[in-house]
Amino acid sequence: MLEQTNSCTQDQQTFSSGSLYSSVCSEVSVMLDKALSYFLYLYGLLYQVFAPCLVPALLSANTVDHQQYLGKWYFKAAVSRREADIQKFKGLDNMWFTIEEPVNDTLLLTGHMRIGDSCMKQTWTYNIRPERDDVELEGRPERRTLLWSGKWANCPECIIFQEVEPPLNETDSEDSLSRYLLYGRQSDVDSELVKALLKNLACHRVSASVRPPQEKEFCT
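Residues numbered from 1 in each chain as written. Predicted model: local features only at pLDDT ≥ 70, side-chain atom pairs only at ≥ 80, totals over all residues. Heavy atoms only, no water.

Before going further, it helps to examine the pattern of salt bridges. Enumeration over the complete set of coordinates arrives at 16 salt bridges. For Arg82, the salt bridge goes to Glu174, with nearest N and O atoms at 3.0 Å. Taken together, the residues span a long stretch of sequence, with Arg82 in the loop between β1 (71-80) and β2 (94-103) and Glu174 in the loop between β7 (158-165) and β8 (177-184) at a distance of 92 residues. For Arg82, a relative accessible area of 25% gives the class partly exposed. We classify Glu174 as partly exposed; its relative accessible area is 34%. One salt bridge in this structure joins Glu136 and Arg129, with 3.0 Å as the shortest N-O distance. Residue classification places Arg129 among the partly exposed positions, given a relative accessible area of 30%. (Salt bridge = Lys/Arg side-chain N within 4 Å of Asp/Glu carboxyl O. Helix = DSSP H or I, 4+ residues; strand = E, 2+ residues; numbered from the N terminus. Buried < 20%, exposed > 50% of the residue type's maximum accessible area, 1.4 Å probe, protein only.)

Our focus in this paragraph is the environment of Ser209. Positionally, Ser209 belongs in strand β9 (residues 208-210). Of the residues examined, Ser209 reaches a relative accessible area of 32% and is grouped as partly exposed. Between the alpha carbons of Ser209 and Phe89 there is a distance of 9.6 Å; along the sequence they are 120 residues apart. Residues contacting Ser209, with those up to four places away along its chain left out, are Ala78, Val79, Ile86 and Leu198. (Contact = heavy atoms within 4.5 Å.)

Right, let's talk about the pairing of β1 for a bit. Two faces, one strand: in a regular strand the side chains alternate between the faces of the sheet. A large share of β1 lies buried, amounting to eight of its ten residues. Sheet topology places β1 next to β2; four bridges connect them, and they run antiparallel. Looking at β2, one finds that Gly71 is bridged to Ile99. Of the pairings in the sheet, the one linking β1 to β9 comprises three bridges and is antiparallel in character. Bridging from a neighbouring strand, Val79 pairs with Ser209 of β9. (Pairing = 2+ DSSP bridges.)

Following this line, the structure appears as structure tokens:
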């Protein structure tokens, strides 16, 4: 009888030790999970601070070789934070334009746009100032047009125009216009370019986009 009692006592001790061990392991596992979560959270914050966004090379208008950007370009997409900034592009089926440099420090853009069954032609003149890294649109001195390499869209043969206009009122915190226009040398439709551009601009809170369907012939 005594031996049976001792055996039961030993079994209880073994059971208690096993339960305690399991409880401790469970608590340690929870603590490690929390520590890992905090570490990943802090890492994410630090990454945003030290590497907040991909920023490709700015093509400074007053120093870049303009000759390599002359010729024909096809409109690929317009992206922005706000739908209103790219609303005008939603009616386009397709668009292409040429860049010429008729005189030094002047770029002439001639665009051919198809809207429905109609074709439109428009020209824009941009002036290059030696003291500025952007180009100045003639007739719109308040607008800044910055030129970026196509790396934002993972496209070395692309160019990006960023058009920015200051706030309309002193109390406004955001620019009244801010959009990115993607152009490529090839006429084919490539949705991956737009996906890459939106992905790389996501940290700039850019999510709205317009891509021309190119269902009809290009205008001439």
